[in-house]
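Working through the structure, step by step
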Amino acid sequence: QQPVQSPQAVILREGEDAVINCSSSKALYSVHWYRQKHGEAPVFLMILLKGGEQKGHEKISASFNEKKQQSSLYLTASQLSYSGTYFCGTESGANNLFFGTGTRLTVIP
Amino acid sequence: EAGVAQSPRYKIIEKRQSVAFWCNPISGHATLYWYQQILGQGPKLLIQFQNNGVVDDSQLPKDRFSAERLKGVDSTLKIQPAKLEDSAVYLCASRQGPNEQFFGPGTRLTVL
């Protein structure tokens, strides 16, 4: 039930954009996105619900394609603080999340 | 609002010893989760509680791992006996309904 994320790693310069993808083989009720910095707990970014709209917060937004069981996280005009590992968590029911293997994002000056 | 609390933050034990972790979820959150995160991987669900009942423990190695959530609030996760491959960060998370899930700071376990 573990979702697949791509790419596994990406390096950006400040101000560049990135897209992180998450796909599942199961029908999804929701997708959650988290960012984890080294040695810290995952921090919630946003949740996308089935039938809901695309979410956004400042320069980070996400979409959810229910038919394809896919979600994408968009980072615009990246900042140094965006560095970390991004995880998607997918929910098919039973109120529990299965996390992907993560995408390591590094933003350099 | 206080977040999810966990203790201890770090623990070093030798293989075959026992260890226990404690979690206090956000007040009012009915759902509590324990995850195992091995270095370089995503969190893996071990067990899910709804109040004080177990909803999902299909990925919990029950021959050595046990967990309880008495009175539907705090929870403890125990490993007995520990193996080298149990070295990981153990994350507790809580959630209320279909909303976002909040993680605690985790307990980093090293088994020597």
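First things first, this report covers the structure right here in the doc. (Residues numbered from 1 in each chain as written. Chains lettered and ligands numbered in written order. Predicted model: local features only at pLDDT ≥ 70, side-chain atom pairs only at ≥ 80, totals over all residues. Heavy atoms only, no water.)

**Details of the nonpolar core**
The condition that has to hold: Joining through side-chain atoms within 4.5 Å is the link that ties buried Ala, Val, Leu, Ile, Met, Phe, Trp, Tyr and Cys residues into a set, and such a set is a nonpolar core. Exposed residues in this analysis have more than 50% of their type's maximum accessible area, buried residues have under 20%, and partly exposed residues fall in between, with area computed by a 1.4 Å probe over protein chains only. Helical segments are the DSSP runs of H or I of at least four residues, strand segments are the runs of E of at least two, and each set is numbered from the N terminus. Any two residues whose heavy atoms approach within 4.5 Å at even a single point are treated as in contact.
Counting residues in each nonpolar core, the largest one holds 21 residues, and the members touching the most others are Phe-21, Trp-34, Leu-77, Ile-79, Tyr-90 and Leu-109 of chain B. For this core, the secondary structure elements donating two or more residues are strand S3 (19-24), strand S4 (31-37), strand S5 (44-50), strand S8 (75-79), strand S9 (88-95) and strand S11 (107-111) of chain B. Excluding anything up to four places from it in sequence, Phe-21 of chain B contacts Ser-7, Pro-8, Trp-34, Ser-75, Thr-76, Leu-77, Ile-79, Tyr-90, Thr-107 and Leu-109 of chain B. Within the second largest apolar cluster, 20 residues are counted, among which are Trp-33, Leu-48, Ile-60 and Cys-88 of chain A.

**Let's talk about the packing of aromatic side chains**
Put simply, the rule reads: Only Phe, Tyr and Trp rings take part, Trp by its six-membered ring, and two of them pair if their centres are within 6.5 Å. Stacked means planes under 30 degrees apart, edge-to-face means over 60, and tilted covers everything else.
Enumeration according to the criterion identifies 9 aromatic pairs over all chains in this entry. Each ring, one from Phe-99 of chain A and one from Tyr-35 of chain B, has its centre 5.5 Å from the other, and the planes form 75°; the classification is edge-to-face. With Phe-99 of chain A in strand S10 (residues 98-99) and Tyr-35 of chain B in strand S4, this residue pair bridges two chains. When the ring of Tyr-35 of chain B is compared with that of Phe-103 of chain B, the centres are 5.5 Å apart and the planes differ by 50°; the resulting orientation is tilted. Of the two residues, Tyr-35 of chain B is situated in strand S4 and Phe-103 of chain B in strand S10 (residues 101-103); the sequence distance between them amounts to 68 residues. For the pair Tyr-35 of chain B and Phe-103 of chain B, one class covers both residues: buried. A network of ring pairs unites the aromatic residues Tyr-34, Phe-44 and Phe-99 of chain A together with Tyr-33, Tyr-35 and Phe-103 of chain B as a single cluster.

**Section: the sheet that holds S8 of chain B**
All names here are of chain B. Operational definition: Two strands pair under a simple rule: DSSP has to find at least two bridges between them. Note on definitions: angles span 0 to 180 degrees between N-to-C directions of axes, and those axes are lines fitted to C-alpha atoms, for helices only across the stretch in contact.
Spatially, S1-S3-S8-S7 is the arrangement adopted by the 4 strands of the open sheet, whose pairing is antiparallel. Two strands in the sheet have a free side with no partner beyond their single neighbour: strand S1 (5-7) and strand S7 (65-68). Shown here is a sheet whose adjacent strand axes are inclined to one another by a mean of 15°, direction ignored. Pairing geometry for S3 and S8, over 5 bridges, is antiparallel. Note that in S8 the partner of Val-19 across the bridge is Ile-79.

**A few points about the state of the cysteines**
Two cysteines, two sulfur atoms, one covalent bond between them: this is a disulfide. Quick reminder of the rule: Note on disulfides: each one is a pair of cysteine sulfur atoms within 2.5 Å.
Inspection of every chain in the model, using the stated rule, returns 2 disulfides over all chains. Paired by a disulfide, Cys-22 of chain A and Cys-88 of chain A hold their sulfur atoms 2.0 Å apart. Across the S-S bond of Cys-22 of chain A and Cys-88 of chain A the torsion is about 75°, and the bridge reads as right-handed. Residue Cys-22 of chain A is found in strand S3 (residues 18-23), and its partner Cys-88 of chain A is found in strand S9 (residues 84-91); the two are separated by 66 residues along the sequence. There is a disulfide in this structure between Cys-23 of chain B and Cys-92 of chain B, and the S-S distance comes to 1.9 Å. Across the S-S bond of Cys-23 of chain B and Cys-92 of chain B the torsion is about -70°, and the bridge reads as left-handed. One end of the pair, Cys-23 of chain B, is in strand S3; the other, Cys-92 of chain B, is in strand S9, with 69 residues separating them in the sequence.

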